[in-house]
Amino acid sequence: MISVEEHLENILEQVHPVETRTVPVPRAHGLVTTADARSQVDLPRFDNSSMDGYAVRREDLRGASPENPVLLPVSGDVAAGDPLPREHVPGQAWRIMTGAPIPVGADAVVRVEDTDGHVREAQFRVQPEEGANIRRAGEDVRAGEVVLPAGTRVGAPQLAALVSAGVEQVEVVGPVRVVVLSTGDELVPVGEPVGPGQIVDSNGPMLEALVREAGFFPVHVGHLPDDESATKKEIKHHLDHADAIITTGGVSKGAYDIVKKVLSGEGTTEFVEVAMQPGKPQGFGVLGKRKVPVFTLPGNPVSALVSFEVFVRPALERRAGRRVSDSTTTGLVTTGWRSASDRRTYTRVRISRDVTGEYAVEPVGGAGSHLVAGLAMADALAVSGADEEEVTAGSQVELVLLRPRREIDGRLSAEESDAGTTGDGGEA
């Protein structure tokens, strides 16, 4: 057997980002830039007001205070988006709205809170500093300056910055398109009748959801029969357009492990035993002219889930050009469990809080890799080393989160609130 680290290193050495594309900015969401994006305009584009108030000339309000207010006639209103040029007349003021262009000649904006708010003749209670409440053109970014550097994943804030800067297209690592294929004559697609000896294919929908939740694009979810010719033809077909292929099942030592028979010796494919539980039988290789990564995972649902988190997710992130680190945390064990003595073990756990407010964990569901009921309740995978035969209560374990941390914390806060209400004499 090889270690988890050895198998992951072998995968990542062979996985490279997909081809660069130039796409319209709205379609770049979730993708990683491959070139600096430069602003096409000054931002802000023009001097504008950062407040609702009055555009004035500071000199006209010399000595203004709450005790000695200064009265100025109002020339008119300037609204956000007003296209008309405005000239400021000394000794007067313009009522101005947030984002509206500053009239030529005005050098400050007085907040409406520092006036009586009148629309024709306003009373001013302060003398502003020069430039007060004015957003100057180009103070954010100048035309030609980098607004988004290469290697940045484009999220919602980045989209806003690019659009504001007049950028219409960006160069990015293309979207990673993933094909998911479940194998086995015993599998039945969701919604179809289940006959004797058959089971519903849960791996396909689970892996499709994992791919989508990770920010990639499942483009086909299908089924491979226990037939060498059909399996070879299906995989070869997807090599022409997929950026990654994931299969589940057919990788162990059984007489009907078709995937292993079909892919052995193809491309760089190797089938190995990894020192982990669950997920011991693994296969990986790059195939075809486009060097498509193909992950062959075990068929048991828990094994497939663990394999995705440990091997597939990091590889897809590299395929997408992302710069990521381990998203793990730790938890205090409240109820211990047995661990495989010769392999790294990934145990499904439910998270609660200890008395200090930190994460605490206990196992959920059985240990078998075919048991799926516990998956629905699991918040994380607790990782124990190959040298540990038992994980004891009171010890700290590394956790690979299966849900967003905000979602876990939200549930814990709700449970604590409900417990507090019940403890105060409320209804349970």
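Going by the structure above, here's the rest.
Here is what the cut-offs are and how they apply
- Position numbers for residues count from 1 along each chain, tracking the sequence in the order it is written.
- Local features are withheld for residues below a pLDDT of 70 in this predicted model, meaning they are given only at 70 or higher, and side-chain atom pairs are given and counted only at 80 or more; totals for whole chains, interfaces and linings count all residues.
- Only hydrogens and water are set aside when side-chain values are computed; all heavy atoms of the structure are taken into account.
- The axes are straight lines fitted to the C-alpha atoms, using for helices just the contacting stretch, and the angles between their N-to-C directions are given from 0 to 180°.
- Each helix corresponds to a stretch of at least 4 residues labelled H or I by DSSP, and each strand to a stretch of at least 2 residues labelled E; elements are numbered beginning at the N terminus.
- Relative orientations are named as follows: roughly parallel for angles under 35 degrees, roughly antiparallel for angles over 145 degrees, roughly perpendicular for angles from 65 to 115 degrees, and oblique for any other angle.
- By the definition used in this description, the sense in which the near helix is turned from the far one sets the handedness, with an anticlockwise turn below a right angle giving left-handed and a clockwise turn giving right-handed.
- When checking whether two residues touch, look at their non-hydrogen atoms; a contact exists if any pair is within 4.5 Å.
- Here, nonpolar core means buried Ala, Val, Leu, Ile, Met, Phe, Trp, Tyr and Cys residues that are tied together by side-chain atoms lying within 4.5 Å of each other.
- Burial classes: relative accessible area under 20% of the type maximum marks a residue as buried, over 50% as exposed, and values in between as partly exposed (1.4 Å probe, protein chains only).
- Boundary definitions for the domains trace back to an automatic or database domain assignment.
- When DSSP locates at least two bridges between a pair of strands, those strands are taken to pair.
- Each pair of aromatic rings taken from Phe, Tyr and Trp, with Trp reduced to its six-membered ring, is defined by centres within 6.5 Å and is described as stacked if the planes are under 30 degrees apart, edge-to-face if over 60, and tilted in the remaining cases.
- Directions from the helix axis toward the C-beta atoms define the arc.
- Patches here are clusters of residues that have more than 30% relative accessible area and form no salt bridge, with a 9 Å joining cutoff for like charges and a 5 Å cutoff for nonpolar side chains (Val, Leu, Ile, Met, Phe, Trp, Tyr).
- Using a 1.4 Å probe, accessible areas were evaluated by the Shrake-Rupley method; residue-level cover was limited to the displayed protein chains.
- Put simply, a salt bridge is a Lys or Arg side-chain nitrogen that is within 4 Å of an Asp or Glu carboxyl oxygen.
- In this charge count, Lys and Arg are treated as positive and Asp and Glu as negative; neither His nor the chain ends contribute.
- Here the site of a charge means NZ on Lys, CZ on Arg, CG on Asp, or CD on Glu.

It is worth spelling out the packing of helix α1 (residues 4–14) against helix α6 (residues 301–319) at this point. Where α1 meets α6, the closest approach of the two axes is 10 Å, and the angle between their N-to-C directions is 25°. Of the possible angle classes, the one that applies to α1 and α6 is roughly parallel. The way α1 lies across α6 gives a crossing that is right-handed. Residues Val4, His7, Leu8, Ile11, Leu12 and Glu13 of α1 touch α6, and the partners they reach there are Val310, Phe311, Pro314, Ala315 and Arg318.

Here the focus is the nonpolar core. Within the largest apolar cluster, 39 residues are counted, with the highest numbers of intra-cluster contacts made by Val178, Phe216, Ile246, Phe295, Phe308, Leu316 and Tyr346. Elements supplying a minimum of two residues to this core: α1, β12 (177–183), α3 (203–213), β16 (244–248), β19 (281–287), β20 (292–297), α6 and β25 (380–384). With 10 residues, the top contributor of residues to this core is α6. Lining this core are residues from two domains, each supplying at least three of them: domain 1 (4–17 + 175–319) and domain 4 (329–425).

So, on to unusual backbone geometry. Cis geometry is adopted by the peptide bond preceding Pro44, which originates at Leu43 and carries an omega value of -10°. Position of Pro44 relative to the elements: it lies in the loop between β2 (37–38) and β3 (48–49). Residue Pro278 is bonded to the preceding Gln277 through a cis peptide linkage, with omega at -5°. Tracing the sequence through the fold places Pro278 in the loop between β18 (276–277) and β19.

Here five strands make up an open sheet; going across it, the order is β7-β4-β6-β5-β8 and the pairing mixed. Single-partner strands in this sheet number two, and they are β7 (108–111) and β8 (121–124). Between one strand and the next, the sheet's axes are offset by a mean angle of 40°, whatever the strand orientation. The pairing of strand β5 (residues 70–78) with β8 spans four bridges and is antiparallel. Within the sheet, the bridge partner assigned to Leu72 lies in β8 and is Ala122.

Right, let's get into the packing of aromatic side chains. The description of an aromatic ring pair rests on the distance of the ring centres and on the angle between the ring planes. Within this structure, the stated rule accounts for two aromatic pairs. Ring centres of Tyr54 and Phe124 lie 5.3 Å apart, and the angle between their planes is 80°; on these two criteria the pair is classed as edge-to-face. Here the residue Tyr54 occupies a position in strand β4 (residues 53–56), and Phe124 occupies one in strand β8, the gap between them amounting to 70 residues. You can call Phe124 buried: its relative accessible area is 0%.

Note that Thr296 resides in strand β20. Thr296 gets classed as buried once you look at its relative accessible area, which sits at 1%. Discounting residues that sit within four places of it in the chain, Thr296 has contacts with Thr247, Val251, Val259, Leu263, Phe271, Gln282, Gly283 and Phe284.

This next bit is on the packing of α3 against α6. Where α3 meets α6, the closest approach of the two axes is 10 Å, and the angle between their N-to-C directions is 25°. In terms of axis orientation, α3 runs roughly parallel to α6. With respect to the hand of their crossing, α3 and α6 are arranged in right-handed fashion. Here Asn203, Met206, Leu207, Leu210 and Val211 of α3 lie close against α6, whose contacting residues are Pro301, Ala304, Leu305, Phe308, Glu309 and Arg313.

Strand order in the open sheet formed by six strands is β15-β12-β16-β20-β19-β17, with mixed pairing between adjacent strands. Because the sheet does not close on itself, it has two edges, and the strands there are β15 (217–224) and β17 (270–273). The sheet shows a mean angle of 15° between the axes of neighbouring strands, taken without regard to direction. Pairing of β12 with β16, which is carried by five bridges, proceeds in the parallel orientation. Bridge pairing links Val179 to Ile245 in β16.

Quick look at α1 now. Taken together, the buried positions of α1 are occupied by Val4, His7, Ile11 and Leu12. Seen from one end, α1 has its buried residues packed into an arc of 130°, which puts them on one side.

Mapped onto the elements, Lys232 comes out in helix α4 (residues 228–238). Judged by relative accessible area, which is 47%, Lys232 ranks as partly exposed. Counting along the chain gives 151 residues from Lys232 to Val383, while the straight-line C-alpha distance between them is 36 Å.

Bringing a negative patch on the surface into the picture now. There is a patch of like negative charges on the surface, built from Asp185, Glu186, Asp227 and Glu228. Mapped onto the elements, Asp185 comes out in the loop between β12 and β13 (187–188).

This part covers the pairing of β12. Among the seven residues in β12, six count as buried, and that is most of the element. In terms of strand pairing, β12 meets β15 through seven bridges, oriented parallel. Bridged to Arg177 within β15 is Phe217.

That is the geometry; function is a separate question.
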